[in-house]
Structure formats: structure tokens, C-alpha cells
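Notes for the structure review
Listed below, chain by chain, are the residues.
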Amino acid sequence: MAPQPLTPEETEQALSGLPHWTTDGDSVSRSYSLAGHLPAAAMALHIAAIQEELNHHSELTLGYNSLSVTVNTHSVGGRITELDIALARRIEQIAPGHGAS
Ligand SMILES: C[C@H](O)[C@H](O)[C@H]1CNC2=NC(N)=NC(=O)C2=N1
């Protein structure tokens, strides 16, 4: 069954438990700072593995010492769903291990 888009209120509620994650109404996103380029790339690879496990994929932007994540759910026309929130929570769990802040 297709996931249901969250209402703006449901999105805000979910993001209240995900500090530093924001929404523009169409997606949820967060940028991380890391110790350098290779640590940022390593975190990107780790996120890619999680995304394959969840079959849910964000847009990742790798910078010199930063990594930005933006995600919404394509299958419901680019709306925000629980799948996006679940991915954000998983990324938050691995971020400290990469020294990401
Ligand atoms: C066929 C496959 O299940 C779909 O294309 C998956 C893959 N990853 C996805 N990622 C995201 N962000 N949204 C989707 O709707 C989505 N759908």
C-alpha cells in the first residue's frame, strides 16, 4: 500500500523529534558538518547502504566537509511521508559515529 502523505502538522510533530531537520513543505532535510571530505564521503556511503536496506533514497550532496540530505517520497508525487521520517531517524542514529554535527 502506498504511504500516506503527512499533513503539515504531522510533519512538524515528527520534526520536533529530529533536531536540525527542517522542511520546505515538499521534503525534509538536514546538513551535517564533518571532519573532512573522506569522513563526509564515508557517511554518504553508510547512508546509501541504509537507503538500499529501506528501499528509500534521499538526495545526498557531498561537500568538502559537509553532507546534505534531502528526502521526500516519489511514489506519492514528491510529498513527505513516514518513510522520509524513518530514513531521517536512521541517519540520526549513525551520525554521531561519523563525528557528524
Ligand atoms: C521501485 C522502488 O521501490 C521505488 O522506486 C522506491 C525506491 N526509492 C524511493 N525513494 C524515495 N525517496 N521515494 C520513493 O518513492 C522511492 N521508491
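Here, every reference points to the structure presented above.
Now for a quick tour of the structure. (Residues numbered from 1 in each chain as written. Predicted model: local features only at pLDDT ≥ 70, side-chain atom pairs only at ≥ 80, totals over all residues. Heavy atoms only, no water.)

So, about the overall build of the protein chain. Helix and strand counts for the protein chain come out as three helices and four strands. Along the protein chain, from the amino end to the carboxyl end, the secondary structure elements read α-β-β-α-β-β-α. Relative to the 2.2 N^0.38 estimate, which gives 13 Å for 101 residues, the radius of gyration of the protein chain is 13 Å and therefore close to what a compact globule would have. For the protein chain, the spread of C-alpha atoms along the three principal axes comes to 40 × 25 × 20 Å. If you take every contact in the protein chain between residues at least 6 apart in sequence, the share linking residues at least 24 apart comes to 65%. For the protein chain, the centre of its 4 positive side-chain charges and the centre of its 11 negative side-chain charges are spaced 5 Å apart. (Helix = DSSP H or I, 4+ residues; strand = E, 2+ residues; numbered from the N terminus. Rg over C-alpha atoms; globule rule 2.2 N^0.38 Å. Contact = heavy atoms within 4.5 Å. Lys, Arg positive; Asp, Glu negative; His and termini not counted. Charge placed at Lys NZ, Arg CZ, Asp CG, Glu CD.)

The backbone of histidine 20 shows a phi angle near 80°, a positive value even though the residue is not glycine. Checked against the element boundaries, histidine 20 lands in the loop between α1 (8-15) and β1 (22-23). With a phi angle near 50°, asparagine 55 is a residue other than glycine that sits in the positive phi range. Of note, asparagine 55 is situated in the loop between α2 (37-54) and β3 (59-62).

In the neighbourhood of the ligand, the contacting residues comprise Asn55, His56, His57, Asn72, Thr73, His74 and Ser75. Protein chains shield 62% of the accessible area of the ligand, which is 390 Å² for the free molecule. Counted by class, the shell around the ligand contains no nonpolar, seven polar and no charged residues. (Near = heavy atom within 4 Å. Areas by Shrake-Rupley, 256 points an atom, 1.4 Å probe, with all protein chains shown as cover. Nonpolar A, V, L, I, M, F, W, Y, C, P; charged D, E, K, R; others polar.)

It is worth spelling out the packing of α2 against helix α3 (residues 82-94) at this point. Two elements in contact, α2 and α3, have axes whose closest approach is 11 Å; the angle formed by their N-to-C orientations is 140°. Between α2 and α3, the crossing angle belongs to the class labelled oblique. You can see that α2 and α3 cross each other, and the crossing is right-handed. Packed against α2, whose contacting residues are Met43, His46, Ile47, Ile50, Gln51, Glu53 and Leu54, the element α3 presents Leu87, Arg90, Ile91 and Ile94 at the interface. A per-class count over the contact of α2 with α3 returns seven nonpolar, two polar and two charged. (Axes fitted to C-alpha atoms, helices over the stretch in contact; angles between N-to-C directions. Parallel < 35°, antiparallel > 145°, perpendicular 65-115°, else oblique. Left-handed = near helix turned anticlockwise from the far one by under 90°.)

With that settled, consider α1. Turning to α1, its buried residues number three or more, namely Thr11, Ala14 and Leu15. Down the axis of α1, the smallest arc covering the buried residues is 95°, so these residues share one side. Looking at α1, the residues exposed on the side facing more than 90 degrees away from the buried face are Glu9 and Gln13. Those residues of α1 hidden inside the fold are in contact with β1, β2 (28-33) and α3. (Buried < 20%, exposed > 50% of the residue type's maximum accessible area, 1.4 Å probe, protein only. Arc of directions from axis to C-beta.)

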